[in-house]
There are 2 protein chains.
Amino acid sequence: MSSVQDFKQVPHKLLVIPGPIEVSDEVLFANAHPSMSHVSLEFVPVFGDCIRMMREVLYTKDAQPFLIAGSGTLGWDQVAANLVEPGENALVLHSGYFGDSFEECLQTYGANVDQIKAEIGAAVSQSEIEKALESKKYKVLTFTHVDTSTAVLSDAKAIAETVKRVSPETLVVMDGVCAVASEEIQMDEWGIDVVLTAPQKGLGTPPGLSIVLASQKAIKVFESRSTPVTSYYASWKKWLPVMKAYENGSAAYFATPPVNLICAFHASLSAITKSSPSLADRFKLHQEASKRIKAAATELGLKQLPLEPSLASNGMTALYFPDGVSGADLLPALLQRGVVVAGGLHTSIKDKYFRIGHMGISVVDPQRGDIDKIISSLRESLAEVKACHKTQ
Amino acid sequence: MSSVQDFKQVPHKLLVIPGPIEVSDEVLFANAHPSMSHVSLEFVPVFGDCIRMMREVLYTKDAQPFLIAGSGTLGWDQVAANLVEPGENALVLHSGYFGDSFEECLQTYGANVDQIKAEIGAAVSQSEIEKALESKKYKVLTFTHVDTSTAVLSDAKAIAETVKRVSPETLVVMDGVCAVASEEIQMDEWGIDVVLTAPQKGLGTPPGLSIVLASQKAIKVFESRSTPVTSYYASWKKWLPVMKAYENGSAAYFATPPVNLICAFHASLSAITKSSPSLADRFKLHQEASKRIKAAATELGLKQLPLEPSLASNGMTALYFPDGVSGADLLPALLQRGVVVAGGLHTSIKDKYFRIGHMGISVVDPQRGDIDKIISSLRESLAEVKACHKTQ
């Protein structure tokens, strides 16, 4: 008989890509929960708790969470199909690969999209945003809080302030896939209307869920659409009654929720919102771990993609390979030390850099020693690769 | 340290709703796999195997599988957004609740939908299908192989034959959510163009995946669209290269796959396609278990929703409550005996019947004694409810 006390995941390499990340034994054990009916008395409060705990993570009193089987990408469809009507304008801030994807998704559902593109390693400036908002009326502005392809952190608070000042009707939409639970996000106080994310990064759960929180202002915009929603599976018309029912303690059906994954998500959200460290301390720990890794990288002569420290995310680090070292050298050397990092993703410089994720239990559980292991393995691997090159 | 040998799921009530169903310890243990990169050398062949094994389950040589994080419902969006262009005609055969949903989904993406509705407990006749196909040119015909709301089994082979004879260009689309791996489906031989399904029924895996197989004919229709695909997340333009890459042994990225669930799916598909019983025997075992449950129900005076034995599915049974017995009496009595069945779902008769699922390990592993337990609990519960009514 297995119990949560005696369940230990099998030994494996340390997974420090920018998602999926290492998850705890408790979360994996919950993912192995015996089958449960999606409309049962046991499951309804688990789902309801996840909805409530997501509000805590984003410091919002009344935003409406949507937890739907899918991936983070489905969050873009939710925004494009529910909040933007065909022919309306959308402004996409581009700080990496994911800006292009969000643009394409919005266009698929009929939006007219303008994009402001920052140079690689930078975020779009407030003055550029202001200029664009003054030139045209936009239904939504979207930005990527942390672009997983560049590790660039956008200033969410400043973006929301600019929008509220220049074009208060425009909805502020944050792609928070690589930011939620590793970066502080004050949804209500800053005035973010939509946060979309996924469970496999800061939220410490296996992938398979699209998580979206929409402010009441966004819900009102959705409810006053003049044209029908242009997706079936991503339609809030279908999901809103379901989410409300589960939160209020009863089941409702549109499509079967990913029951086991919701159990796993519940275990992780409980650790994040109800145990030590506090949410505020969790963000501090991410900042500290990030500083340690970035300082070690600098010491090793590695240059970050983000052009300034204030533009660098706290949950991941993107580093150019030093001269004479390629991914084909460094990544296998790290792998041999049991450390799995990620290659590049930003199309134009894909082979010139690599990415390290430092989120969740790797950061908040110091006993694991994950940050130390990342730094020492990086040091050893670089030395090995360089030594090897010298002898060639 | 947990290993697959010593992992045993915690004791729980017997879940015999028509999905999610009971899943094996092996499958749950795989769902608790340590985090793995979705582009790693370890994960790529697991995903590739799932693609290949799904072909085996449906007896198809070259249909293209799509395995996407989502629910069964997302399969409708895949059909509606990729195969039907706005303004084209679709014919929906209605044998229960899910015919209405598929119709609504097709309409969302701009199809003109005609529906042929069978009476409750029946399937649409071949002559009605023939008449409709002669009256108009349809891009797709959709039917529900087993409608989870009525337990009605449609004659997939006959439907496909009628379409090929009367309107050979029309694509035959099967909603196989409650049929795949519990009913025999000869995709190639019968000429089914699309089968869409989900993992939590006959496929014996937790929910969270949309599984679609499309014939090469369907793929050609998709590739020769004259208008853009009307969904982003459900677009085969995005997913086709990803599925081909994983099958060919390399990773590709559009959206993060549900890594752990794919591991669980791999464990279940391996049991279904590579161990005892054989796939053919698996279908026979489902037929036998179904016969036993239906015979016991008849003996207890319970009437089935399907009007004839040939219309009754082999993976589930839908039974009217006998006179004087309601769901509020019978379902809790079954629950007290540790057996979880489902209430009604078909809108117009929702409170008049209940549903029992008998799929997967509950059927193919006789040592579990699940079928005996269902029958004895049903007998005891009915007796208890009736005795209780007499004394009132």
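Each residue is numbered by its place in its chain's sequence as written, counting from 1. Just so you know, chain letters begin at A and ligand numbers begin at 1, following the order they were written in. Residues qualify for local features only when their pLDDT is at least 70, as the model is predicted, and side-chain atom pairs are given and counted only at 80 or more; totals for whole chains, interfaces and linings, by contrast, use all residues. Hydrogens are left out, water is left out, and the side-chain values use all remaining heavy atoms of the structure.

Q: Teacher, can you tell me more about the environment of A:Ser268 here?
A: Residues and elements named next belong to chain A. Strands here are runs of E lasting at least two residues and helices are runs of H or I lasting at least four, both read from the DSSP assignment and numbered beginning at the N terminus. Within the secondary structure, Ser268 sits in helix H10 (residues 259–274). Type-normalised accessible area, obtained with a 1.4 Å probe on protein chains alone, sets the label of each residue: buried when under 20%, exposed when over 50%, and partly exposed for intermediate values. Given the relative accessible area of 6%, Ser268 is considered buried. For the pair Ser268 and Phe98, spaced 170 residues apart in sequence, the C-alpha separation works out to 26 Å. If sequence neighbours within four positions are ignored, Ser268 has contacts with Val27, Leu203, Gly204 and Thr205. The definition of a polar contact used here is a pair of N or O atoms within 3.5 Å, where within protein one atom must be able to donate a hydrogen and the other to accept one, and adjacent residues in sequence count solely through side-chain atom pairs. A polar contact of 2.6 Å, which involves the side chain of Ser268, links it to the backbone oxygen of Leu203. Contacts are assigned to residue pairs with any non-hydrogen atoms lying within 4.5 Å of each other.

Q: Whenever I open this one, helix H2 (residues 43–57) of chain A confuses me. Can you help?
A: Each turn of an α-helix holds 3.6 residues, which means side chains three or four residues apart point in the same direction. Residue and element names in this part refer to chain A. The span you would expect from a helix comes to 1.5 Å times its residue count less one. Across its 15 residues, H2 extends 21 Å between first and last C-alpha, which sits within 8% of the 21 Å expected from 1.5 Å per residue. All buried positions along H2 are accounted for by Phe43, Val44, Val46, Phe47, Gly48, Cys50, Ile51, Met53, Met54, Arg55 and Val57. If you follow the buried residues of H2, they end up packed against strand S2 (64–69), strand S10 (209–214), helix H9 (236–247), H10 and helix H11 (279–299). The first or second residue beyond H2 is Tyr59, which carries a positive phi of 50°.

Q: Is there a simple way to think about the side chain of B:Ser95 in this case?
A: Residues and elements named next belong to chain B. Following the sequence through the fold, Ser95 ends up in the loop between strand S3 (89–94) and helix H4 (97–108). The exposure class assigned to Ser95 is buried, which follows from its relative accessible area of 6%. Those residues within four positions of Ser95 in sequence are excluded, and the remaining contacts are Ala122, Ala123, Thr144, Asp147, Thr150, Val152 and Ser154.

Q: I tried to follow the environment of B:Cys50 on my own but got confused; where do I start?
A: Residues and elements named next belong to chain B. Along the chain, the position of Cys50 falls in helix H2 (residues 43–57). For Cys50, a relative accessible area of 0% translates into the label buried. In sequence terms Cys50 and Ser35 are 15 residues apart; their C-alpha atoms lie 18 Å from each other. Not counting chain neighbours up to four residues away, the residues in contact with Cys50 comprise Leu67, Ile262, Phe265, His266 and Leu269.

Q: I would appreciate a short explanation of the domain arrangement of chain A in the present structure.
A: For an interface, size is often stated in terms of accessible area lost upon the parts coming together. Residues and elements named next belong to chain A. Partitioning chain A into domains gives domain 1 (4–20 + 277–391) and domain 2 (25–274). Those domain boundaries reflect an automatic or database domain assignment. Each of domain 1 and domain 2 was reduced to a C-alpha centroid, and the two centroids are 27 Å apart. Of the residues lining the interface, 34 residues belong to domain 1; the matching set on domain 2 comes to 35 residues. For any pair of parts, buried area is found by adding up, for both, the accessible area (1.4 Å probe) each one loses once the two are put together. A per-residue breakdown of the area domain 1 buries against domain 2 is headed by Leu279, Phe283 and His346, which together make up 21% of the total. A pair is scored as a salt bridge if a Lys or Arg side-chain nitrogen falls within 4 Å of a carboxyl oxygen belonging to Asp or Glu. Across the domain 1-domain 2 interface, the total number found is 0 salt bridges. Our count for the domain 1 to domain 2 interface comes out at 8 residue pairs in polar contact (both at pLDDT 80 or more). Put simply, the parts of the chain that give the side of domain 1 that touches domain 2 at least two residues each are H11, strand S11 (316–320) and strand S14 (353–357). Throughout this entry, Asp, Glu, Lys and Arg are counted as charged residues, while Ala, Val, Leu, Ile, Met, Phe, Trp, Tyr, Cys and Pro are counted as nonpolar. The remaining residues, Gly among them, count as polar. Of the residues assigned to the side of domain 1 that touches domain 2, the class counts are 20 nonpolar, 11 polar and 3 charged.

Q: What's the story with a negative patch on the surface in this structure? I'm lost.
A: Residues and elements named next belong to chain A. The residues that make up patches have over 30% relative accessible area and no salt bridge, and they are joined within 9 Å when like-charged or within 5 Å when they are Val, Leu, Ile, Met, Phe, Trp or Tyr. Residue exposure ignores everything except the shown protein chains as possible cover, and the areas themselves are Shrake-Rupley values with a 1.4 Å probe. In this tally, Lys and Arg are treated as positive and Asp and Glu as negative; His is ignored, and so are the chain termini. To locate a charge, take atom NZ for lysine, CZ for arginine, CG for aspartate or CD for glutamate. Taken together, the side chains of Asp62, Glu184, Asp188 and Glu189 present a region of like negative charge at the surface. Position of Asp62 among the secondary structure elements: in the loop between H2 and S2. Given a relative accessible area of 38%, Asp62 falls into the partly exposed group.

Q: Explain the sheet that holds strand S5 (residues 140–144) of chain B here, please?
A: Strand-to-strand pairing in sheets goes through backbone hydrogen bonds, with the strands running parallel or antiparallel. All names here are of chain B. DSSP calls a pair of strands paired once it identifies at least 2 bridges connecting them. Strand order in the open sheet made by the 7 strands is S2-S10-S9-S8-S5-S3-S4, with mixed pairing throughout. Both edges of this open sheet fall to strand S2 (64–69) and strand S4 (112–117), since each of them pairs with a single strand only. Here the strands of the sheet are splayed against their neighbours by 15° on average, with no regard to which way each runs. In terms of strand pairing, S5 meets strand S8 (residues 171–175) through 5 bridges, oriented parallel. The partner of Thr144 across the bridge, within S8, is Asp175. Each axis is a line fitted through C-alpha atoms, taken for helices only over the stretch in contact, and angles between the N-to-C directions span 0 to 180 degrees. This element, helix H9 (residues 236–247), spans S2 and strand S10 (209–214) of the sheet and lies at about 105° to S2.

Q: I keep staring at the packing of helix H3 (residues 73–82) of chain A against helix H4 (residues 97–108) of chain A and nothing clicks. Help me out?
A: Any two packed helices are characterised by how steeply their axes cross, that is the angle between the axes, and by the distance between the axes. Residues and elements named next belong to chain A. Interaxial distance between H3 and H4 falls to 9 Å at its minimum, and their mutual angle equals 40°. In this view, H3 runs oblique relative to H4, as classed from their interaxial angle. The two elements H3 and H4 meet at a crossing, and its hand is right-handed. The segment H3 lies against H4, with Trp76, Asp77, Val79 and Ala80 engaging Phe98, Ser101, Phe102, Cys105 and Leu106. Taken together, the residues of the contact of H3 with H4 break down into 7 nonpolar, 1 polar and 1 charged. The cut-offs work like this: below 35 degrees is roughly parallel, past 145 is roughly antiparallel, 65 to 115 is roughly perpendicular, and the gaps in between are oblique. Crossing handedness is read from the near helix: turned anticlockwise from the far helix by less than a right angle, it gives a left-handed crossing, and turned clockwise, a right-handed one.

Q: Explain the relation of the copies chain A and chain B here, please?
A: Relating one copy of the chain to the other takes a rotation about an axis and a shift parallel to that axis. A least-squares fit on C-alpha atoms brings the copies together, and the residues used are those whose pLDDT is at least 70 in both copies. In screw terms, the move from chain A to chain B is a rotation of 180° and a rise of 0.0 Å along the axis, fitting with an RMSD of 0.0 Å. Taken together, these values place the two copies in the relation of a two-fold axis. Nearest to the rotation axis, the C-alpha of A:Gly70 is located 2.1 Å from it, this being the minimum over chain A.

Q: Is there a simple way to think about the pattern of salt bridges in this case?
A: Side chains carrying opposite charge are able to pair once their charged atoms draw close together. Residues and elements named next belong to chain A. Counting across every chain of the model gives 32 salt bridges over all chains. Note that Arg55 and Glu247 form a salt bridge whose closest N and O atoms lie 2.7 Å from each other. Of this pair, Arg55 sits in helix H2 while Glu247 sits in helix H9, placing them 192 residues apart in sequence. In this structure, Glu380 and Arg337 form a salt bridge, with 2.9 Å as the shortest nitrogen-oxygen distance. Placement of the pair is Glu380 in helix H14 (residues 370–391) and Arg337 in the loop between helix H12 (327–336) and strand S12 (339–340), with a sequence separation of 43 residues. Judged by its relative accessible area of 42%, Glu380 falls in the partly exposed class. Taking the relative accessible area as the measure of exposure, Arg337 reaches 22% and is therefore partly exposed. Connected through shared salt-bridge partners, Glu22, Arg368 and Asp370 make up one network.

Q: How should the UniProt feature "modified residue: N6-(pyridoxal phosphate)lysine" (unreviewed entry) in chain A be read in this particular structure?
A: Residue and element names in this part refer to chain A. UniProt positions are given in the numbering used here, feature names are shortened, and annotations may be inferred rather than shown by experiment. UniProt's entry tags Lys201 with the feature "modified residue: N6-(pyridoxal phosphate)lysine" (unreviewed entry), counted in the numbering of this structure. Topologically, Lys201 is positioned in the loop between strand S9 (194–197) and S10. Sequence-distant contacts of Lys201, defined by excluding residues within four places in its chain, comprise Pro18, Gly19, Ile21, Thr148, Val177, Cys178 and Met359. A distance of 3.0 Å separates a polar atom in the side chain of Lys201 from the backbone oxygen of Pro18.

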